[in-house]
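# Fold and contact review
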Amino acid sequence: MLPLLRLLSPLLPGPARRRLWQALLPASPLWDLLATPLPDRNADWRDARYLALDLETTGGDPARDDILSFGWVCLEGEEIRLATARHRLVRPRRALNEASVTVHRITDDQAARGEPLETVLRDFLADLAGRVLIAHYSPTETGFVNAACQACYGGPLLTPVIDTLALARAEALVHAPGSLRLGALRARHHLPRYPLHHALSDALAAAELFLAQAHALSRGGRLSLGRLLLD
Amino acid sequence: MHDELAEIRDFLAEVPPFHQLPGAELEALSRALVIRYLRRGSDFPPAGPAHLWIVRQGAVDLRQPDGSLGRRLAEADSFDAACLPDSEEAHWSGHAREDTLLYGLPLERLQTLWQAHPELRAQALEKLGERLRKARRHQEGEGRTRDLSGLQLAQLITRPPVQAAPDLSIRAAAALMTRERVSALLLVEGGCLAGIVTDRDLRSRCLAAGLDDSSPVSTIMTAAPHHLPPEAPAFEALLEMTRRGIHHLPVVRGHEVLGLVSSTDLLRAQGVSVVDLADRLRRATSLEELARTMGELPELWLTLARRGDGATALGRLVAGLADLLTQRLLQLAEARLGPAPVPYAWIAYGSHGRQELTLFSDQDNALVLADSYDPAKHGEYFRALSTSVCDGLAACGFILCPGEMMACNPRWRLPLETWRLTFLDWICHTDPQKARLASNLFDFRPIAGDPGLSQPLAALIATESPRHETLLAHMVTNAATRPAPLGFFRQFLVARSGEHQGQLDLKFHGLMPLHELARIHALACGCGATGTAERLRAAAGGRHLSPEGAEDLLAAYDFLQALRLTHHRERLAAGQALDNFVAPESLSHLERQRLRDVFGIIATQQRALGASFQESRVL
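The notes below deal with the structure included here. (Residues numbered from 1 in each chain as written. Chains lettered and ligands numbered in written order. Predicted model: local features only at pLDDT ≥ 70, side-chain atom pairs only at ≥ 80, totals over all residues. Heavy atoms only, no water.)

## Structural notes on the overall build of chain A
Let me state the cut-off plainly: Only DSSP runs of H or I with at least four residues qualify as helices, and only runs of E with at least two residues qualify as strands; both kinds are numbered from the N terminus onward. Exposure is judged per residue with a 1.4 Å probe applied to protein chains only, and the accessible area is read against the type maximum: over 50% gives exposed, under 20% gives buried, and values in between give partly exposed. We call two residues contacting when some pair of their heavy atoms lies within 4.5 Å. Working definition of accessibility: Shrake-Rupley area with a 1.4 Å probe, residue cover restricted to the visible protein chains.
Within chain A one finds 10 helices and five strands. Split into buried and exposed, the 231 residues of chain A put 50% on the buried side. Put simply, of all contacts in chain A between residues at least 6 apart along the chain, 66% involve residues at least 24 apart. A total of about 10700 Å² of accessible surface is found on chain A, and carbon and sulfur atoms cover 56% of it.

Laid out in structure tokens, this is it:
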């Protein structure tokens, strides 16, 4: 039954998939997430709740690489709440390779002090309940969290997503090389420079960029959440 | 969990008042913040519960209810008006001037912080007060509610002067005034102000007198009208107008006629405080009332100084009030003693004569009596009159001159002819002592009574001084007995012992030598001005003073005056007695550097002037 469902579920519309998985999964943090009502797509984006996430990983492939750290922060409408900011190191299953150490400055020693993936994932999913996920180039975040959910709870991550890179890409047809990077986009929206490649500051950077983009798109008027969502 | 909001914490560490907090508290505070993004043009503060807002990036303009800019918030500026009781700023409307990222600290969290650190709250209130005062000043700068004392005549001139030649016919002059819609016409001959004609002159001196309207307008003009320089405070113009019963005052720089200021212009620009104080002096009916009113001067002075009024404006202001006080004291004395048996002129010299009065000046005055004065018959009257006024001045804060050089001393209460001979003696048969007296007296200015009595003395000084350089040479020598307080390596030479150990006397070593230099230059070129800056400007480019030299001296004078003003302001605010002593180490590095340069300039100019007179004596 389950392999068949896995095959068919992507064909179903979002709400139906959520209901389906809710029916199939045993009680778990993932089930709780699925059971929490989502923000109304037709309401103004300022009335929704969000969670901006950034992950540091050992590589680009969720099937082979590991999550090294989670950084996230929640938004109530257009207000970022730093009290909800979290930075969690995860103990990877495999030893670190040199390239990822250089990029994230997370060493084997630090990684060894990290928590088990399931502990961090549980807290993350609890915070995500009822919120729209925000990420810059979201395939990384959704891909790795989805893989983690499958590994820990046997089901997919089903959540509405806003991708700040996709929003930027939609603004124009042609983009100069590098112009869609987080730092470059922030500069374009007159946001301060943050040191990047730290999961929490990247999450915060994406959250602020999202606010700037959403305000720019709504031009002082109303803008439905649905217009900002991926898919 | 450590160091994750490092950049926010580090930013907070730079923002007053949070920069005073220890790292751990900053860390906790960072976690309490919310972040908002305002697109350019959006309203500020964001709707919702009260927060203390800090600009992380961008800028916010806050406008006062009347639409004027009250405050501009830039990066790291914070806005806590909504968190403070009765804050005027809370009613200001704001908007983002640029795309702006804000950090907000919720009110409850701020209150917790204030409970833990009451000094932060006190600072916040203090800062708010400071900003409100500044905003008011800003508003004044934009021309709303202004106070006459801070306003210079130059700012009141709204159009170029309407002027004509004195030989124009009365009818043509009237037509010109009608066409230009002015109530007074300035008459200019050879580039100089020759006279003024007002509506009232046309009425009383022409129509009522049955004068032919084809006569030249010069027949009905007021010749050589009283005028003021553009930098004179508007308040002084009001005093002049009241004293002389006139409604128009020409504004003149050198010989250049700049414009005309009317009593209407003054009323329009009128504020309260200073004018109110002057008015109460004018109406006071007793010495007690005068003294009480003058008792408000230090506070007013402090307010004006804090508001940014310069030393020159404040010097003129205090001198103006001292003039008024003297006039009122004389009126009260005359009311008691009866009218003066012979005409007199009450003159003030020294800093009062130069209109450079500070808040703690001693009184320098003298009496010029008409030549019909008979000591046997009138002596007692003028003794009583001058004693009453000098004591009155002392009661109002102008301490009695220690050298007794005051009108209550019979030696400074002389008929015109005696003064004339005395002045001539000082000029022509001078010695160091006479030169010292001349230095003092020659700065005189008529304050009350008949100015015609002192005028011949001013004329005498202006014509005779340039021709008798021995007097000037003695003055230079007298000045040189006060060497610049700089050592061989330009270190300051401060008092080695006594009450002012380690301090410098700004007046004795700085301002007095400058007054002296300006006076000598003015006397040498026959310039009648008494103000130090005016004198230097008038003498610039003459035989003894190069334009560059004059500029150096003017800059030195401005600097010393400003330094003394700050010193007085601080002492006054701290409730200390005023003096002119400053410890060099209390100054900033830049100020010390500047002060050294100033002393250097004074010494150089003294040497140059000395050499210049030596030369002319040899020739």
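After presenting the structure, the write-up continues.
## Some remarks on the interface of chain A and chain B
Put simply, the rule is: The quantity reported as buried area is the accessible area (1.4 Å probe) lost by two parts once they are put together, taken as the sum for both. Between Lys or Arg on one side and Asp or Glu on the other, a salt bridge is scored when a side-chain nitrogen of the former is within 4 Å of a carboxyl oxygen of the latter. Nitrogen and oxygen atoms within 3.5 Å of one another constitute a polar contact, given that in protein one can donate a hydrogen and the other can accept it, and given that sequence-neighbouring residues count only through two side-chain atoms. Asp, Glu, Lys and Arg are counted as charged, while Ala, Val, Leu, Ile, Met, Phe, Trp, Tyr, Cys and Pro are counted as nonpolar; the rest, among them Gly, fall into the polar class. In this analysis, strands are considered paired if DSSP registers two or more bridges between them.
With 25 residues of chain A at the interface, the matching set in chain B holds 19 residues. For the pairing of chain A and chain B, the buried interface totals around 2000 Å² over both sides, and the portion due to carbon and sulfur atoms is 58%. Among the residues of chain A in contact with chain B, Glu79, Leu82 and His190 of chain A are the three that bury the most area, contributing 26% of the side total. Joining chain A to chain B, the criterion identifies two salt bridges. One can count nine residue pairs in polar contact (both at pLDDT 80 or more) joining chain A with chain B. Within the residue set of the side of chain A that touches chain B, elements represented by two or more residues are strand 3 (79-89) and helix 10 (199-218) of chain A. Across the side of chain A that touches chain B, the residue classes break down as 13 nonpolar, six polar and six charged. Looking at chain direction, strand 3 of chain A and strand 1 (residues 34-38) of chain B are connected through two bridges and run antiparallel. Across the sheet, the residue bridging to Arg81 of chain A is Val34 of chain B, located in strand 1 of chain B.

## Observations regarding the environment of Ile134 of chain A
Residue and element names in this part refer to chain A. When you line up the elements, Ile134 lands in strand 4 (residues 132-135). Separated by 29 residues in the primary sequence, Ile134 and Asp163 place their C-alpha atoms 5.9 Å from one another. Non-local contacts of Ile134, meaning those with residues more than four positions away in its chain, are made with Tyr50, Leu51, Ala52, Leu53, Leu75, Ile162, Thr164, Ala206 and Phe210.

## A few points about the packing of aromatic side chains
Applied cut-off: We call Phe, Tyr and Trp rings a pair once their centres come within 6.5 Å, taking the six-membered ring for Trp, and we label the pair stacked below 30 degrees between planes, edge-to-face above 60, and tilted otherwise.
Scanning all chains against the criterion turns up 17 aromatic pairs over all chains. Between Tyr50 of chain A and Phe210 of chain A, the aromatic rings sit 4.8 Å apart at their centres with planes inclined by 50°, giving tilted as the arrangement. Within this pair, whereas Tyr50 of chain A is found in strand 1 (residues 49-57), its partner Phe210 of chain A is found in helix 10, the two being separated by 160 residues in sequence. Taken together, a centroid distance of 5.9 Å and an interplanar angle of 70° make the contact between Tyr373 of chain B and Phe382 of chain B edge-to-face.

## Focus: the layout of surface pockets
Residue and element names in this part refer to chain B. Which entries qualify depends on this criterion: Residues are said to line a cavity or pocket when one of their atoms sits within 4 Å of a point; the points come from a 1 Å grid over protein atoms alone, cavities being sets where a 1.4 Å probe fits but cannot get out and pockets being open sets with protein on both sides within 12 Å along at least five of seven lines. Grid points are joined across faces, edges and corners, and a volume is the space filled by probe spheres set on the points. Residue ranges assigned to the domains are those given by an automatic or database domain assignment.
Roughly 860 Å³ of internal volume is contained in the second largest pocket. Arg354, Asp362, Asn440, Lys507 and Met512 are, among the 35 residues lining the second largest pocket, the residues nearest its centre. Looking at the lining of the second largest pocket residue by residue, the class counts come to 10 nonpolar, 12 polar and 13 charged. Among the domains, domain 3 (318-454) and domain 4 (468-618) are the pair contributing at least three residues each to the lining of the second largest pocket.

## As for helix 7 (residues 138-153) of chain A
Residue and element names in this part refer to chain A. The following threshold applies: Between the first and last residue of a helix there are one fewer steps than residues, each counted as 1.5 Å, and that sum is the expected span.
Under the 1.5 Å per step criterion, the end-to-end length of helix 7 is 21 Å for 16 residues, consistent within 8% with the ideal 22 Å. Of all the residues in helix 7, the buried ones are Ser138, Glu141, Gly143, Phe144, Val145, Ala148, Cys149 and Tyr153. Elements in contact with the buried residues of helix 7: helix 3 (29-35), strand 1, strand 2 (67-76), helix 6 (117-128), strand 4 and strand 5 (161-163). Looking one or two places after helix 7, you find Gly154, whose phi comes out positive at around 75°.

## Structural notes on the packing of helix 13 (residues 311-337) of chain B against helix 15 (residues 375-395) of chain B
Residue and element names in this part refer to chain B. For the record, the criterion: Note on geometry: axes are lines fitted to C-alpha atoms, helical ones only across the stretch in contact, with angles between N-to-C directions running from 0 to 180 degrees. Roughly parallel means an angle under 35 degrees; roughly antiparallel means over 145; roughly perpendicular covers 65 to 115; every other angle is labelled oblique. A clockwise turn of the near helix away from the far one marks a right-handed crossing, whereas an anticlockwise turn of less than a right angle marks a left-handed crossing.
Where helix 13 meets helix 15, the closest approach of the two axes is 9 Å, and the angle between their N-to-C directions is 140°. Regarding the angle of helix 13 to helix 15, the classification is oblique. Like other packed secondary-structure pairs, helix 13 and helix 15 cross with a definite hand, here right-handed. On helix 15, the residues touching Leu325, Thr326, Leu329, Leu330, Ala333, Glu334, Arg336 and Leu337 of helix 13 are Tyr381, Ala384, Leu385, Ser388, Val389, Gly392 and Leu393.

## Some words on the sheet that holds strand 10 (residues 184-189) of chain B
The strands that make up a sheet pair up through hydrogen bonds in the backbone, lying either parallel or antiparallel. All names here are of chain B. Taken in spatial order, the four strands line up as 9-10-11-12 in an open sheet, and their pairing is mixed. A single partner strand is all that each edge strand has here, and the edge strands are strand 9 (163-164) and strand 12 (222-223). Sheet topology note: the strand 11 (residues 192-198)/strand 12 ladder contains two bridges and is antiparallel. Bridge assignment links Gly195 to a residue of strand 12, and that residue is Ala223. Contacts from helix 7 (residues 199-207) reach strand 11 and strand 12, with the element oriented near 70° to strand 11.

## Points about the pairing of strand 14 (residues 256-262) of chain B
All names here are of chain B. Within strand 14, five of the seven residues are buried, leaving the element largely enclosed by the surrounding structure. Pairing of strand 13 (residues 248-253) with strand 14, which is carried by six bridges, proceeds in the antiparallel orientation. Bridging from a neighbouring strand, Leu249 pairs with Val261 of strand 14. Connecting strand 13 to the antiparallel partner strand 14 that follows it, the hairpin turn spans two residues, and Gly254 within it adopts a positive phi of roughly 65°.

## What about the packing of helix 17 (residues 432-441) of chain B against helix 19 (residues 469-480) of chain B?
All names here are of chain B. Close contact between helix 17 and helix 19 brings their axes to 9 Å; oriented N to C, the two are set at 90°. Our classification of the angle between helix 17 and helix 19 gives roughly perpendicular. Contacts from Pro432, Ala435, Arg436, Ala438 and Ser439 in helix 17 reach Leu471, His474, Met475 and Asn478 in helix 19. Residue composition of the contact of helix 17 with helix 19, grouped by class: five nonpolar, three polar and one charged.

## As for the pairing of strand 3 (residues 51-57) of chain B
Residue and element names in this part refer to chain B. For strand 3, the buried fraction is high: six of the seven residues fall into the buried class. In this sheet, strand 8 (residues 100-106) lies alongside strand 3 in antiparallel orientation, the contact comprising six bridges. Bridging across to strand 8, His51 finds its partner in Pro106. Alignment of strand 3 against strand 6 (residues 78-79), held across two bridges, turns out to be antiparallel. Directly across from Ile54, in strand 6, lies its bridge partner Ser78.

## Quick notes on the state of the cysteines
Applied cut-off: The disulfide criterion is simple: two cysteine sulfur atoms within 2.5 Å.
This model, assessed by the stated rule, comprises zero disulfides over all chains. The thiol of Cys525 of chain B is unpaired, and the distance to the nearest cysteine sulfur, on Cys527 of chain B, comes to 5.1 Å.

## Quick word on empty space enclosed by the protein
Residues and elements named next belong to chain B. Applying the stated criterion across every chain, the model contains two cavities of 30 Å³ or more. Lining the largest cavity are Trp301, Ala311, Leu314, Gly315, Glu356, Leu357, Thr358, Gln561, Arg564, Leu565 and His568. Those elements that place two or more of their residues in the lining of the largest cavity are helix 13 and helix 22 (547-573). Counting residues per element, the lining of the largest cavity draws most heavily on helix 22, at four residues. Residue classes in the lining of the largest cavity are distributed as five nonpolar, four polar and two charged. Estimates place the volume of the second largest cavity at around 80 Å³. Looking at the second largest cavity, the residues that line it are Ala322, Thr326, Trp346, Ala348, His352, Leu357, Asp362, Gln363, Asp364, Asn365, Leu393 and Phe398.

## Focus: unusual backbone geometry
Cis geometry is found at the peptide bond from Phe44 of chain B to Pro45 of chain B, where omega equals -5°. Note that Pro45 of chain B resides in the loop between strand 2 (43-44) and strand 3. One non-glycine residue with positive phi stands out, namely His190 of chain A, at about 60°. Judged by its relative accessible area of 43%, His190 of chain A is partly exposed. Not every positive phi belongs to a glycine, and Gln355 of chain B is a case in point at roughly 55°. Secondary-structure assignment places Gln355 of chain B in the loop between helix 14 (350-353) and strand 16 (365-369). Look at Gln355 of chain B and you get buried, because its relative accessible area is 12%.

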